[in-house]
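Summary of the model geometry
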Amino acid sequence: MHYLHRYAASSSQLQRVLERKVERSCRHHGGEPREFSEMVAEAVAACVRSGLVDDQRFAEARAQTLRRKGRSARAVTAGLAAKGIAREIVAAALPDSEEDELAAARIAARRKRLGPWSRPGSEPDRQKQLAALARAGFSMKIARAVIDSAGDI
């Protein structure tokens, strides 16, 4: 309960946290962590039933946060998958629109000082800037649109 009060978590993330705590406790007090796996599963199920843990709500909130930080749809999908969120839930939480992707790419470019936001006086290397956005998960079409814009964004 202390963990859930401090952090938003998915059901699989909560299960991993509880399993780590059980392992640590078993190393200290003795015992076998596998003996407690059913107890951990019951605790996670109880949290899901009571509404303390909701994967859909977690995915929507996390996706919005990551998009506001300038993360691409691919990066958001990968991040949610790492948290143990199912593909169907990720697809529902992350609307796939080109305007959202372009807005996120602009945020990322601004944060990394690429394209129209590059430092004055520095000779920007267009290929390196495109590669930076591509590594961040944006398509080349989106990256070109952001890097080649005239700054009227």
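For the structure given in this document, a descriptive report is provided here.

Each helix and strand in the protein was counted, giving nine helices and zero strands. Here the C-alpha atoms of the protein give a radius of gyration of 21 Å, more than 25% beyond the 15 Å that 2.2 N^0.38 yields for 153 residues. Counting only C-alpha atoms and orienting by the principal axes, one finds that the protein spans roughly 65 × 30 × 25 Å. Residue burial in the protein is summarised as follows: out of 153 residues, 31% are buried.

Now for the side chain of Arg67. Among the secondary structure elements, Arg67 is positioned in helix 4 (residues 55–68). Not counting residues up to four positions away in its chain, the partners in contact with Arg67 are Ser72, Ala73, Val76, Leu94, Asp100, Glu101, Ala104 and Ile107.

Within the element layout of this structure, Ser149 appears in the segment after helix 9 (140–147). Using a relative accessible area of 18% as the deciding quantity, one classes Ser149 as buried. Polar contacts involving the side chain of Ser149 include one to the main-chain carbonyl oxygen of Val146, which spans 2.9 Å.

Let's shift gears to the nonpolar core. Ala105, Leu114, Leu133, Phe138, Val146 and Ile147 are the most contacted members of the largest nonpolar core, which totals 13 residues. Among the secondary structure elements, those contributing two or more residues to this core are helix 7 (98–112), helix 8 (126–135) and helix 9. Excluding its chain neighbours within four sequence positions, the residues that come into contact with Leu133 are Ala105, Ala108, Ala109, Leu114, Phe138, Ala143, Val146 and Ile147. Counting residues in each nonpolar core, the second largest holds eleven residues, with Leu66, Ala73, Val90 and Leu94 among its members.

Another point: the environment of Gly70. Within the fold, Gly70 resides in the loop between helix 4 and helix 5 (73–82). As for Gly70 and Ser50, which are separated by 20 residues in sequence, their C-alpha atoms are 33 Å apart.

Taken together, Arg62, Lys69, Arg71, Arg111, Lys112 and Arg135 make up a surface patch of like positive charges. Among the structural elements, Arg62 can be located in helix 4. A residue is classified by how much of its surface remains accessible, and Arg62, at 31% relative accessible area, is partly exposed.

This part takes up the pattern of salt bridges. On inspection of all chains with the given rule, the structure shows four salt bridges. In this structure, the salt-bridge partner of Glu101 is Arg67, at a minimum N-O distance of 2.8 Å. Placement of Glu101 in helix 7 and of Arg67 in helix 4 is noted, with a sequence separation of 34 residues between them. The residue Arg126 makes a salt bridge to Asp148 at a minimum N-O spacing of 2.8 Å. In this pair, Arg126 sits in helix 8 while Asp148 sits in the segment after helix 9, placing the two residues 22 residues apart along the sequence.

What counts as what
Residues numbered from 1 in each chain as written. Predicted model: local features only at pLDDT ≥ 70, side-chain atom pairs only at ≥ 80, totals over all residues. Heavy atoms only, no water. Helix = DSSP H or I, 4+ residues; strand = E, 2+ residues; numbered from the N terminus. Rg over C-alpha atoms; globule rule 2.2 N^0.38 Å. Buried < 20%, exposed > 50% of the residue type's maximum accessible area, 1.4 Å probe, protein only. Contact = heavy atoms within 4.5 Å. Polar contact = N/O pair within 3.5 Å; in protein donor to acceptor, adjacent residues only side chain to side chain. Core = buried A, V, L, I, M, F, W, Y, C linked by side-chain atoms within 4.5 Å. Patch = residues over 30% accessible without salt bridge, like charges linked within 9 Å, V, L, I, M, F, W, Y side chains within 5 Å. Areas by Shrake-Rupley, 256 points an atom, 1.4 Å probe, with all protein chains shown as cover. Salt bridge = Lys/Arg side-chain N within 4 Å of Asp/Glu carboxyl O. Lys, Arg positive; Asp, Glu negative; His and termini not counted. Charge placed at Lys NZ, Arg CZ, Asp CG, Glu CD.

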